[in-house]
Amino acid sequence: MIKANHTFWGGLFFRYYTAIRLRRHFRFIRFEGDVKDNGLPILMIANHFSWWDGFIQLYTNERFFKRRFFVMMLEQQLKKHPILTYAGAFSIRKNARNVVESLDYALQVLTSNQQLLLLFPQGEIMSLYTSDIRFERGLEYLLSKRMNEIQLVFNVNLIDYFSDNKPGLTVYLKEFPLRDITSLERIEDEFNLFAAACKLKQRE
C-alpha cells in the first residue's frame, strides 16, 4: 500500500492551495451544524460526489479541528496523483489480499487524538441525487477492531447554482454518538437520514 507522507512544507502547500482553489471555484462556503471537538481521534464519513471531495474536508478540518489529516483513496487514483500523499492520502485496493493492511493502517491513524481520518464509505463517486447510499464493509471493520474511543462525524456537502455561474457550497456536519454501536447498517441508516435532512434544508 501507499502510505501518507506528511511533511511541514507539503502540509503548508496544501492548506493554502486548498483554500485558494475552493474560494475561486465556489461563490461561498457555508457551514451548517454544531460539532464540538471532543479531544478524541476523529473519523469523518462523507458523501462522495465530485473531484472537490477531500479538499472540502481538508478545508473543514483546518476550520474546525486542526488535526493531522488522512484520507483513504483508491490505489489506482493515488498512483496517478502521488502528490496527494503530502495532503494525507493513503491507498486501498478493493478486493485485494492487502486490503487489511490499509484498514489496519487506518486503525493506527485513529489511535491518536491529534489525527482525523476521512472515509468515503460508499467507495466511489456517486451523484448528489443518490438517496440511498450503501456502505462498503471497511467501515464496519474499523469500528469493530478499534481499541480506543473515537469521535464519529457525519459530513454531507451540497451545491446549488441558482442564477449564478459559480456554485455555492454548503457543508453540513453532525456528530453521531457511537457509544457501543458498531452495526454498519445502523450507521448507514443514520447517515442516509442525515443526508435526506440536509437536502430538505437545502431546498428550503
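As shown above, the structure is provided for reference.
The present account deals with the structure reproduced in this document.

About the criteria used
Residues numbered from 1 in each chain as written. Predicted model: local features only at pLDDT ≥ 70, side-chain atom pairs only at ≥ 80, totals over all residues. Heavy atoms only, no water. Helix = DSSP H or I, 4+ residues; strand = E, 2+ residues; numbered from the N terminus. Rg over C-alpha atoms; globule rule 2.2 N^0.38 Å. Buried < 20%, exposed > 50% of the residue type's maximum accessible area, 1.4 Å probe, protein only. Contact = heavy atoms within 4.5 Å. Areas by Shrake-Rupley, 256 points an atom, 1.4 Å probe, with all protein chains shown as cover. Lys, Arg positive; Asp, Glu negative; His and termini not counted. Charge placed at Lys NZ, Arg CZ, Asp CG, Glu CD. Pairing = 2+ DSSP bridges. Axes fitted to C-alpha atoms, helices over the stretch in contact; angles between N-to-C directions. Phe/Tyr/Trp six-rings, centres within 6.5 Å; stacked < 30°, edge-to-face > 60°. Polar contact = N/O pair within 3.5 Å; in protein donor to acceptor, adjacent residues only side chain to side chain. Core = buried A, V, L, I, M, F, W, Y, C linked by side-chain atoms within 4.5 Å.

1. With respect to the overall build of the chain
Summing up its helical and strand segments, the chain has six helices and seven strands in all. The N-to-C order of helical and strand elements in the chain reads α-β-β-α-β-α-β-α-β-α-β-β-α. Rg of the C-alpha trace for the chain: 16 Å, near the compact-globule value of 17 Å for 204 residues, within the 12% margin. Across its three principal directions, the C-alpha atoms of the chain cover 50 × 40 × 35 Å. Looking at the chain as a whole, 50% of its 204 residues are labelled buried. Across the chain, the fraction of contacts at a sequence separation of at least 24, relative to all contacts at a separation of at least 6, is 75%. With the model as given, the accessible surface of the chain reaches about 10,900 Å², and the carbon-plus-sulfur share is 52%. Taking the average location of the 28 positive side-chain charges in the chain and that of its 22 negative ones, the two points are 7 Å from each other.

2. Notes on the sheet that holds strand β5 (residues 115–119)
Read from one edge of the open sheet, seven strands run β1-β7-β6-β2-β5-β3-β4, paired in mixed fashion. Sheet topology places β1 (29–32) and β4 (89–92) at the edges, where each strand pairs with a single neighbour. Strand after strand, the sheet turns through a mean of 25 degrees between neighbouring axes, direction not considered. Pairing geometry for strand β3 (residues 68–74) and β4, over four bridges, is parallel. Bridged to M73 within β4 is S91.

3. Quick look at the packing of aromatic side chains
According to the stated counting rule, one finds 17 aromatic pairs in the structure shown. Summarising the aromatic geometry, the rings of F13 and Y17 are spaced 5.5 Å apart at their centres and angled 20 degrees between planes, so their arrangement reads as stacked. Of this pair, F13 and Y17 both sit in helix α1 (residues 8–25), separated by four residues, roughly a single helical turn. Members of the aromatic cluster, each reached through a chain of ring pairs, are F13, F14, Y17, F26, W51, W52 and F55.

4. Examining the side chain of T170
As for its placement among the helices and strands, T170 is situated in strand β7 (residues 168–176). For T170, a relative accessible area of 0% puts it in the buried group. Side chain to side chain, T170 and R30 meet in a polar contact 3.0 Å long. For T170, the contacting residues outside a window of four places in its chain are F28, R30, E32, V156, N157, L158 and Q202.

5. A word on the nonpolar core
Of all hydrophobic cores here, the largest spans 36 residues; its most connected members are L43, I45, L117, L139 and I187. The element that contributes the greatest number of residues to this core is helix α6 (residues 184–203), accounting for six residues. By size, the runner-up hydrophobic cluster in this structure holds 29 residues, among which are V35, V71, V153 and L173.

6. Some words on the environment of L117
Mapped onto the elements, L117 comes out in strand β5. Each C-alpha atom, one on L117 and one on S183, is 19 Å from the other, the two residues being 66 residues apart in sequence. Discounting residues that sit within four places of it in the chain, L117 has contacts with I42, L43, M44, F70, F90, A106, V109, L110 and L142.

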